[in-house]
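So the chains spell out like this:
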Amino acid sequence: MAEPGSKSGGEPDEDRTERINRELIELLNELRVALPGVQVLFAFLLAVPFAQGFTRVTDFQRGLFFVVMSLTAMSLAFLIAPSSWHRLRFRRRDKERILRASNRMSIAGLAFLALAMTGAVMLIADFIYSPTLTIVSGIAAGLVFAVLWYVAPLLRQRPEAEEGGR
């Protein structure tokens, strides 16, 4: 059993198996939040080439569209993979391996999603507005995703913030 207040990352009075089970459930629940958004983006991208206005796109826009669609597909592959891994391996008593692999796949999937969404913002800006706004919106979207999804969570908090301000 984990010692209360231990640095194992678990809850007090939670043993290793309970921690792994909890963390796997938490990860799968987090994926349930991300997946609908990725699926909607992918469905939208699949419909775009069949829209009448798609014949008026530039070579840059056509290329960017393909990159965004590919990034979205990669994001879906990485974000759905943990469910597949769990379903195929859960009876092999290998949950910690599933958890570690799923964590890496989820982080990669979110990175592909951030890139896809940044590209989608750029594509719309270029199609509707201007090349300048395309660059500005791409940089802004990329920075927002990078800061909110990666930089901020990885920043070390001050000790008093970790202790609830005591």
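Predicted, not measured: the structure shown is a model, and the values here were computed from it.

Conventions adopted
Residues numbered from 1 in each chain as written. Predicted model: local features only at pLDDT ≥ 70, side-chain atom pairs only at ≥ 80, totals over all residues. Heavy atoms only, no water. 1 Å grid on protein atoms, 1.4 Å probe; cavity = no way out; pocket = protein on both sides within 12 Å on 5 of 7 lines; lining within 4 Å. Points joined across faces, edges and corners; volume = space filled by probe spheres on them. Helix = DSSP H or I, 4+ residues; strand = E, 2+ residues; numbered from the N terminus. Nonpolar A, V, L, I, M, F, W, Y, C, P; charged D, E, K, R; others polar. Axes fitted to C-alpha atoms, helices over the stretch in contact; angles between N-to-C directions. Parallel < 35°, antiparallel > 145°, perpendicular 65-115°, else oblique. Left-handed = near helix turned anticlockwise from the far one by under 90°.

A.B. asks: How do you make sense of the layout of surface pockets when you look at a structure like this?
C.D. replies: Over the atoms rolls a probe the size of a water molecule, and its path tells where empty space is left. There is about 450 Å³ of room inside the largest pocket. Around the largest pocket, the lining is made up of 20 residues, and of these Leu 27, Glu 30, Asn 103, Ser 106 and Ile 107 lie nearest the centre. Those elements that place two or more of their residues in the lining of the largest pocket are helix H1 (16-47), helix H3 (95-128) and helix H4 (131-154). Element by element, the count of residues in the lining of the largest pocket is highest for H1, at 8 residues. Class assignment of the residues belonging to the lining of the largest pocket gives a composition of 12 nonpolar, 2 polar and 6 charged. Taken as a whole, the second largest pocket holds about 250 Å³ of empty space. Along its surface, the second largest pocket is lined by 14 residues, and Val 48, Phe 54, Val 57, Leu 123 and Phe 127 are the ones closest to its centre. Within the residue set of the lining of the second largest pocket, elements represented by two or more residues are H1, helix H2 (59-89) and H3. When residues of the lining of the second largest pocket are assigned to their parent elements, the largest contribution, 5 residues, is made by H3. The residue makeup of the lining of the second largest pocket, split by class, is 12 nonpolar, 2 polar and no charged.

A.B. asks: Please explain the packing of H2 against H3 as it appears in this structure.
C.D. replies: Two quantities define a packed helix pair, namely the angle between the axes and the distance from one axis to the other. The geometry of H2 relative to H3 is characterised by a closest axis approach of 8 Å and an angle of 160° between their N-to-C directions. Comparing the axis directions of H2 and H3 gives the class roughly antiparallel. Crossing geometry of H2 relative to H3 is assigned as left-handed. Each residue belonging to the contact of H2 with H3 can be placed in one class, and the counts come to 24 nonpolar, 8 polar and 3 charged.

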